[in-house]
Amino acid sequence: MNTPAIDVIHKRRERVFEAVVDGAHCVLDYQLSGNVMTITHTGVPSVVGGRGIAGALTLAAFQSARSEGWKVHPACSYAADWLQRHAEFADLQA
């Protein structure tokens, strides 16, 4: 099965990563204090759940943190679980 790419947009001013999939608004919210990004919430409506959207949002957040030189505190349970499965980003954990 071919999964379409998920277009994630980083809205820096609002401190959110967003994706719209089949009209459903999906988000990852974060706070920034100094050089620490705290991921506070990942939300994907159930109507589009199970498609890897939360993972795409979280990956985008960690990639952005790496490029910015930030550490990441995954306060959101999804982000914390995601980090456990992606050891290549363990060095970013605050």
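Rules used throughout
Residues numbered from 1 in each chain as written. Predicted model: local features only at pLDDT ≥ 70, side-chain atom pairs only at ≥ 80, totals over all residues. Heavy atoms only, no water. Phe/Tyr/Trp six-rings, centres within 6.5 Å; stacked < 30°, edge-to-face > 60°. Buried < 20%, exposed > 50% of the residue type's maximum accessible area, 1.4 Å probe, protein only. Disulfide = S-S within 2.5 Å. Helix = DSSP H or I, 4+ residues; strand = E, 2+ residues; numbered from the N terminus. Contact = heavy atoms within 4.5 Å. Polar contact = N/O pair within 3.5 Å; in protein donor to acceptor, adjacent residues only side chain to side chain. Core = buried A, V, L, I, M, F, W, Y, C linked by side-chain atoms within 4.5 Å. Salt bridge = Lys/Arg side-chain N within 4 Å of Asp/Glu carboxyl O.

Draft legend 1. Structural context of the packing of aromatic side chains. Tallying each qualifying case throughout the model produces five aromatic pairs. Where Trp82 meets Phe89, the ring centres are 5.5 Å apart and the plane angle is 40 degrees; that geometry is what we call tilted. Looking at Trp82, the relative accessible area reads 3%, which means it is buried. Grouped by ring-pair contacts, the aromatic residues Phe17, Tyr30 and Trp70 constitute a single cluster.

Draft legend 2. Main features of the state of the cysteines. Per the stated rule, a full pass over the model turns up zero disulfides. Residue Cys26 stays outside any disulfide, its sulfur separated by 13 Å from that of Cys76, the closest cysteine.

Draft legend 3. Just the side chain of Thr42, in detail. For Thr42, the position within the fold is in strand E4 (residues 36–43). By relative accessible area, Thr42 is classed as buried at 15%. In this view, Thr42 contacts Val27, Leu28, Ala54, Thr58, Cys76 and Tyr78; residues no more than four positions away in its chain are not counted.

Draft legend 4. Up close: the environment of His86. By the element assignment, His86 lies in the segment after helix H2 (77–85). Judged by relative accessible area, which is 22%, His86 ranks as partly exposed. A distance of 2.8 Å separates a polar atom in the side chain of His86 from the backbone oxygen of Trp82.

Draft legend 5. Looking closely at the nonpolar core. Counting residues in each nonpolar core, the largest one holds 24 residues, and the members touching the most others are Phe17, Leu28, Met37, Ile39, Leu57, Phe62 and Val72. When residues no more than four places from it in sequence are discounted, the contact partners of Met37 are Phe17, Tyr30, Gln31, Leu32, Ala61, Ala65, Trp70, Lys71, Val72 and His73.

Draft legend 6. Quick peek at unusual backbone geometry. Positive phi, close to 55 degrees, is recorded for Arg15, a residue that is not glycine. If you trace the backbone, Arg15 turns up in the loop between strand E1 (9–11) and strand E2 (16–21). Take Arg15: its relative accessible area is 36%, and that puts it in the partly exposed class. One non-glycine residue, Asp22, lies in the positive phi region at around 50 degrees. Judged by its relative accessible area of 65%, Asp22 falls in the exposed class.

Draft legend 7. Just the pattern of salt bridges, in detail. Scanning the model with the defined rule gives four salt bridges in all. Among the salt bridges present, the one from Arg12 reaches Glu68, with a minimum N-O distance of 2.9 Å. On the criterion of sequence distance, the pair formed by Arg12 in the loop between E1 and E2 and Glu68 in helix H1 (residues 53–68) is long-range, its members being 56 residues apart. Since its relative accessible area comes to 48%, Arg12 is described here as partly exposed.

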